[in-house]
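Each chain, written out:
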Amino acid sequence: MPRGDFDSLTRALATTQSRREAVRVLAGAAAGAVLAYLGVGCGKDDPAGPAPPQDQCPTPSTCGDRQYCNEAQTCLCVKSAEGYNRCGAIPTTCHVQLCQTSADCAGLGEGFFCDTPNSGCCTDPPADLPRCIAPCGDVDNNPGTVCDGDPLSTGSIQAAAAAIAGGATEVDLSPGGCYHYRRTVVNGFVAAEVITADGKRVAGWDHTPTQSNGTRDSDLDGFSEWLALITRDAAGQTQKVTVTEYDPTTRTPARRRTQTITGANEMHVLVEAAPDGGALEKVAEYDAPRLQEVGLDPLAAAARAVTPAVAQGTPGPCGVVPDASCPPGLADAARQALEQAAAEGSDCLAAHGLAAEAASLGVNYFMVDIVCASSLPAESGPAAVCGPDVSNPNERFPIYINPNSFPSDPAARRSVLFHEMLHTVFTEDHDPALNAAPPDIRRENDRVRACNSMCMNPNATKCDCATCLQKSKCEPPCDSFQGCATKNEAGICLCPSRMNYYPSFTQCTVDCPSGLACFGFQCRKVSNPCMG
Ligand SMILES: [Zn+2]
């Protein structure tokens, strides 16, 4: 997998994730095996013998009765020639090397072992001939993840952005071309965009001056689970962004977010969801700034870097006045961090099944300018992007960085910029009702923060993963993360004048509807129950 040569803690952590998941799956299996083997005592009798294998599991498979080592059912429990039950990869063919002991399989690589007759159902060669089984290695929780070995890289997105800027209409997004982008340009106007993954359409946009229609199909089944409609006025100013997400199984609407622009830096947000597969119903409604900030994420609270510049010039999107220039070197360093964040973050999203979002991260990168703005509001923190319409190939957009507070630590820079890029991919804002919640709770219940954490925080939790992927925290890949900070059912009062976080859902249901102004209003649960 092309990695680039940057020394990246977060990269190491991100790649460690699947290994950690694997180790946990195997460790769980091994714990069961220890119980099963208690009393056998072969280790005691042979202290100098080889150490028992680390990949043991409790119950071996037989033909017609497969016993899996992982929930994704990619890894099989098999009785080895030495008598241990071991986790092995499911053979994709019966024509593998035959053996008598695991030593016979050593030449195939580390961890290969010899099975026992009738572990599987092969007829050619017959099932009663033992054969070599590959180790499970990293358990792939997304076995169907497309473009697995060809993620976006800093080099590939730089090259693609340069080619697009030079007028190209078709570029590889990843070094091997598995992710590919093409656009249709009519009289200098980008009218259509298509992103493919392994030759299949994973995302696309159709644009007119006043409307953009977007689709995404991360699982490449031909059904778009993500639909976006953006409307603009005759002057090209965004009026409304509506994103509807569908349940990939039932193909019914699961969530919808409608952001209506009400001012230069103001919007009205309506969030609807269909919790039990029923009709969409309102779960949140609020006014929020369009300036999507990182706020006080833990990783952003790093040392301050550079001296401030004087604010000058004309206002950009969201009314932010840029500085006349960035402090020397800062814009270049920020752009480098942005490239790394886009590549690493894209790899992470793709590895967790968000192929369309992963590729869109690279495409949105084409249009980003790093703009220094010491005048960013203090509550915006070190960086901000003016949402929600930032998927427009006909208009570049700024990521504002505040030289006074932009972190100096490279990993923190990447985290901050990945956060802003996530806003461009999900078009999700931050529910202000969560501002009153403890930071961990806020992060776990906010999709941009949760995805940022899942990909860049070594202490990411099951709830970060579940909120990012809109999946259950109790199933792969989320079940292998750390325990959630969100443990009790909290609540958010949906009454506009009392839109606030309550640590106790019960207390919320008491306080929220009290008084005339909030009569009849209910609480939204802040929790991450195990679904299904
Ligand atoms: Zn944000």
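Structure shown above.
Computed from a predicted model, the values in this text were never measured in an experiment.

Procedures and definitions
Residues numbered from 1 in each chain as written. Predicted model: local features only at pLDDT ≥ 70, side-chain atom pairs only at ≥ 80, totals over all residues. Heavy atoms only, no water. Helix = DSSP H or I, 4+ residues; strand = E, 2+ residues; numbered from the N terminus. Buried < 20%, exposed > 50% of the residue type's maximum accessible area, 1.4 Å probe, protein only. Pairing = 2+ DSSP bridges. Disulfide = S-S within 2.5 Å. Salt bridge = Lys/Arg side-chain N within 4 Å of Asp/Glu carboxyl O. Axes fitted to C-alpha atoms, helices over the stretch in contact; angles between N-to-C directions. 1 Å grid on protein atoms, 1.4 Å probe; cavity = no way out; pocket = protein on both sides within 12 Å on 5 of 7 lines; lining within 4 Å. Points joined across faces, edges and corners; volume = space filled by probe spheres on them. Nonpolar A, V, L, I, M, F, W, Y, C, P; charged D, E, K, R; others polar.

Chemist: Hey, could you run me through the environment of Gly381 in this one?
Modeler: Following the sequence through the fold, Gly381 ends up in the loop between β16 (368-372) and β17 (383-386). A residue is classified by how much of its surface remains accessible, and Gly381, at 12% relative accessible area, is buried. Measuring from C-alpha to C-alpha, the distance between Gly381 and Asn402 comes to 7.5 Å, with 21 residues separating the pair along the chain.

Chemist: How should the sheet that holds strand β21 (residues 523-526) be read in this particular structure?
Modeler: Each strand in a sheet pairs with its neighbour through backbone hydrogen bonds, running either in the same direction (parallel) or in the opposite one (antiparallel). Across the sheet, which stays open at both edges, the three strands sit in the order β20-β19-β21 with antiparallel pairing between neighbours. Each edge of the open sheet carries a strand with a single partner, namely β20 (501-502) and β21. The pairing of strand β19 (residues 490-493) with β20 spans two bridges and is antiparallel. In the strand pairing of β20, Gly491 is matched with Tyr502.

Chemist: Explain the state of the cysteines here, please?
Modeler: What is meant by a disulfide is a covalent connection between two cysteines, made through their sulfur atoms. Enumeration according to the criterion identifies 15 disulfides in this entry. There is a disulfide in this structure between Cys147 and Cys178, and the S-S distance comes to 2.0 Å. One quick way to see it: the torsion about the S-S bond of Cys147 and Cys178 is about -80 degrees, and its sign makes the bridge left-handed. Within this pair, whereas Cys147 is found in the loop between β4 (132-133) and α3 (154-165), its partner Cys178 is found in the loop between β5 (170-172) and β6 (179-186), the two being separated by 31 residues in sequence.

Chemist: Mind showing me how you'd approach the pattern of salt bridges here?
Modeler: Pairs may arise between side chains of opposite charge once their charged atoms sit close together. Here the structure, examined in full by the defined rule, presents 19 salt bridges. With a shortest N-O distance of 3.3 Å, Asp221 and Arg251 are connected by a salt bridge. Linking Asp221 in the loop between β9 (211-216) and β10 (226-232) with Arg251 in the loop between β11 (238-246) and β12 (253-263), this pair joins segments that are 30 residues apart in sequence. In this structure, Glu444 engages Arg443 in a salt bridge whose closest nitrogen and oxygen atoms are separated by 3.8 Å. Its relative accessible area of 0% is what places Glu444 among the buried residues. Residues joined by salt bridges that share partners form a network here, namely Glu245, Arg255, Arg257, Glu428, Asp429 and Arg447.

Chemist: Looking at this model, I keep getting lost on the sheet that holds strand β8 (residues 200-208). Mind explaining?
Modeler: With respect to topology, ten strands assemble into an open sheet ordered β5-β6-β7-β8-β9-β10-β11-β12-β13-β14, the strand pairing being antiparallel. With partners counted over all chains shown, the strands left at the sheet margins are β5 and β14 (281-288), one partner each. The average angle at which neighbouring strand axes cross in this sheet is 10 degrees, direction not considered. Alignment of β8 against β9, held across six bridges, turns out to be antiparallel.

Chemist: In this structure, what is going on with empty space enclosed by the protein? I would like to understand it.
Modeler: Where empty space is left in the structure can be found by rolling a water-sized probe over the atoms. Enumeration over the complete set of coordinates arrives at five cavities of 30 Å³ or more. Glu193, Trp205, Val363, Asn364 and Ser391 are, among the 19 residues lining the largest cavity, the residues nearest its centre. Residue assignment for the lining of the largest cavity shows that the elements contributing at least two residues are β7 (189-197), β8, β9 and α5 (355-365). For the lining of the largest cavity, the per-class residue count stands at ten nonpolar, seven polar and two charged. Forming the boundary of the second largest cavity are Trp226, Val243, Glu245, Arg255, Arg256, Arg257, Val271, Glu272, Phe426, Thr427, Glu428 and Arg447. At the level of secondary structure, the elements contributing two or more residues to the lining of the second largest cavity comprise β11, β12 and β13 (266-273).

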